[in-house]
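# Topology and contacts: notes
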Amino acid sequence: MRTNRKAAGRTAAALLTACALALVAGCSGSGGKDSEDKADDGGGGTAAKTPRMKIAMVTHSGEGDTFWDIVQSGAKVAAAKDNVQFLYAANKEGKEQAQLIQSYIDQDVDGLVVSLAKPEAVKAVLAKAAAAGIPVVTINSGAEFSEPFGALGHIGQDEAVAGEAVGEELNKRGKKKALCVIHEQGNVSLEGRCAGVKKTFEGTVENLNVEGTNMPASTSSIEAKLQSGKDIDAVVTLGAPFAAASVKAKGSAGSGAEINTFDLNADVVKQLKAKEIGFAVDQQPYLQGYLAVDELWLHKNNGNVVGGGKPVLTGPALVTEKDVPALEKFTARGTR
């Protein structure tokens, strides 16, 4: 597993800070074999003896997007540890996201976790959160908008850097023409990924917009493009579910293109093992949910700002079939 060095450093620093301060604030500090066994489910332990908090997360997830299930898994474990009531809602449309955020402001939550896939749509309502004294941590999308919108910080990967890493990997694999599949038009992070690929890839890149909430239609669109573009030798999907769709489309189109993807789940690990996928870009969504809840808890109970207000990077790391043995048990339980 190859990890961006700067990303690894910032992530490690954030984790060490969070763990150390959590212990100071009264979480379980037991160690040894027993604590290792308890941690095998992805975290947890005795709940903090701090006042009960209510934290809400609003994301741009569409139906069936397994990425956000993993984010929630991390958030729920951190919430159980931190004595937090965790609330979650999602909508792929920016206007509806803003309404969901407003509903949580009206509930007087103690903190908000928000993805900024369509930042302008939620800008005004985040200003209302600030006016109400509700701290916000942004995750996953729109890192460049986090600070201007008044958030404590951002947790995720640098999408441009991740895209550039993909372009460099395609060069190493001798690819000449890549198809970058965008499953949500207007999502600044997805556009940033494809732009990053174009920046470093020495071949040509063509973007393909598909209807991400309609998997059969997405599969058909990819198949049609592969049928008409026989010179396409690499497909880059921007979400794990679309890797499987591309594998299916490749077979139907009789294409020899290598399928690669952003994000990781149990199905992608199986496809890596079967060599149906060349590599995946892991941004560790579990960490995004876990650290976001932890940061809001730390801010409330100890006045901390993880990362000093700068983005805390959880990726990218390039994962291949060589990494499968180390990852299978984690993806099987939904934490990677």
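In case you missed it, the structure is sitting above this.
The following paragraphs examine the structure supplied in this document. Everything quoted here is computed from the prediction, not taken from an experiment.

## A word on the environment of Val 306
Examined against the element boundaries, Val 306 turns out to sit in the loop between α12 (285-302) and β12 (312-313). For Val 306, a relative accessible area of 10% gives the class buried.

## Quick notes on helix α11 (residues 266-273)
For α11, every residue scored as buried is listed here: Val 268, Val 269, Gln 271 and Leu 272. All buried residues of α11 lie within an arc of 160 degrees about the axis, which places them on one face of the element. Set apart from the buried face of α11 by more than 90 degrees, the exposed residues are Lys 270 and Lys 273. Its buried side turned inward, α11 meets α10 (240-253), β10 (258-262), β11 (280-282), β13 (317-319) and α13 (324-332). Sitting at the head of α11, Asn 265 places a side-chain oxygen 3.1 Å from the backbone nitrogen of Asp 267. Looking one or two residues beyond α11, the residue adopting positive phi is Lys 275, at roughly 60 degrees.

## Remarks on the state of the cysteines
Under the counting rule described, the total for this entry stands at one disulfide. The disulfide that involves Cys 180 links it to Cys 194, with 2.1 Å between the sulfurs. Between Cys 180 and Cys 194, the S-S torsion sits near -85 degrees, and that sign places the bridge as left-handed. Taken together, the residues span a long stretch of sequence, with Cys 180 in strand β7 (residues 177-182) and Cys 194 in helix α8 (residues 188-200) at a distance of 14 residues. By relative accessible area, Cys 180 is classed as buried at 1%.

## A closer look at the packing of helix α9 (residues 215-228) against α10
Look at α9 against α10: their axes get within 8 Å of each other, and the N-to-C directions meet at 45 degrees. Taken together, α9 and α10 sit at an angle that is classed as oblique. You can see that α9 and α10 cross each other, and the crossing is right-handed. Of the residues in α10, those touching α9 at Met 215, Ser 218, Thr 219, Ile 222, Glu 223, Leu 226 and Gln 227 are Pro 241, Phe 242, Ala 245, Ser 246, Lys 248, Ala 249, Lys 250, Ser 252 and Ala 253. For the contact of α9 with α10, the residue count by class is eight nonpolar, five polar and three charged.

## Topic: the nonpolar core
Grouped together as the largest cluster of nonpolar side chains are 30 residues, with contacts concentrated most on Ile 55, Met 57, Val 113, Val 137, Ile 139, Ile 155 and Val 293. The element that contributes the greatest number of residues to this core is α12, accounting for nine residues. Other than its neighbours up to four places away in sequence, Ile 55 contacts Val 84, Gln 85, Phe 86, Leu 87, Gly 111, Val 113, Val 293 and Leu 296. In this structure, Val 210, Leu 226, Ala 253 and Val 319 belong to the second largest nonpolar core, which totals 24 residues.

## Examining the environment of Ile 155
Take Ile 155: it is sitting in strand β6 (residues 153-156). Taking the C-alpha atoms as reference, Ile 155 lies 7.9 Å from Ala 143; in sequence the two are 12 residues apart. Residue contacts for Ile 155: discarding those within four places in its chain leaves Val 137, Thr 138, Ile 139, Asn 140, Leu 287, Gln 288, Leu 291, Ala 292, Glu 295, Val 312 and Thr 314.

## Brief notes about the sheet that holds strand β4 (residues 111-115)
Read across the open sheet, the six strands follow the order β3-β2-β4-β5-β6-β12; overall the sheet is parallel. Of all strands in the sheet, those bounded by a partner on one side alone are β3 (84-90) and β12. Relative to β12, β6 runs parallel, the two being bridged by two bridges. Counted as the bridge partner of Gly 156 is Leu 313 from β12. Across the sheet, helix α4 (residues 94-106) touches β2 (53-59), β3 and β4, and the angle it forms with β2 is around 175 degrees.

Procedures and definitions
Here the residue numbers are simple positions, counted from 1 along each chain's written sequence. The model is predicted, so local features are restricted to residues of pLDDT at least 70 and side-chain atom pairs to those at 80 or more, both for listing and for counting; the totals for chains, interfaces and linings are taken over all residues. In computing side-chain values, all of the structure's heavy atoms are included and hydrogens and water are not. Note on conventions: DSSP H or I runs of at least 4 residues are helices, E runs of at least 2 residues are strands, and numbering of each starts at the N terminus. Categorising residues by exposure relies on relative accessible area from a 1.4 Å probe, with only protein chains included: less than 20% of the type maximum marks a residue as buried, more than 50% marks it as exposed, and the intermediate range marks it as partly exposed. Regarding the arc, it is the one traced by the directions from the helix axis to the C-beta atoms. In what follows, residue pairs with any heavy atoms lying within 4.5 Å of each other are defined as contacts. Two N or O atoms form a polar contact when they lie within 3.5 Å of each other; inside protein one atom must be a possible hydrogen donor and the other a possible acceptor, and for residues adjacent in sequence the pair counts only when both atoms belong to side chains. In what follows, a disulfide is any cysteine sulfur pair within 2.5 Å. Only the stretch in contact is used when a helix axis is fitted, and all axes are lines through C-alpha atoms; the angle between N-to-C directions ranges over 0 to 180 degrees. Working rule for angles: under 35 degrees goes down as roughly parallel, over 145 as roughly antiparallel, 65 to 115 as roughly perpendicular, anything else as oblique. With the far helix as reference, a near helix turned anticlockwise by less than a right angle produces a left-handed crossing, and one turned clockwise produces a right-handed crossing. Put simply, Ala, Val, Leu, Ile, Met, Phe, Trp, Tyr, Cys and Pro go in the nonpolar bin, Asp, Glu, Lys and Arg in the charged bin, and everything else, Gly too, in the polar bin. In plain words, nonpolar cores are sets of buried Ala, Val, Leu, Ile, Met, Phe, Trp, Tyr and Cys residues tied together by side-chain atoms within 4.5 Å. The pairing criterion is simple: DSSP has to find at least two bridges between the two strands.

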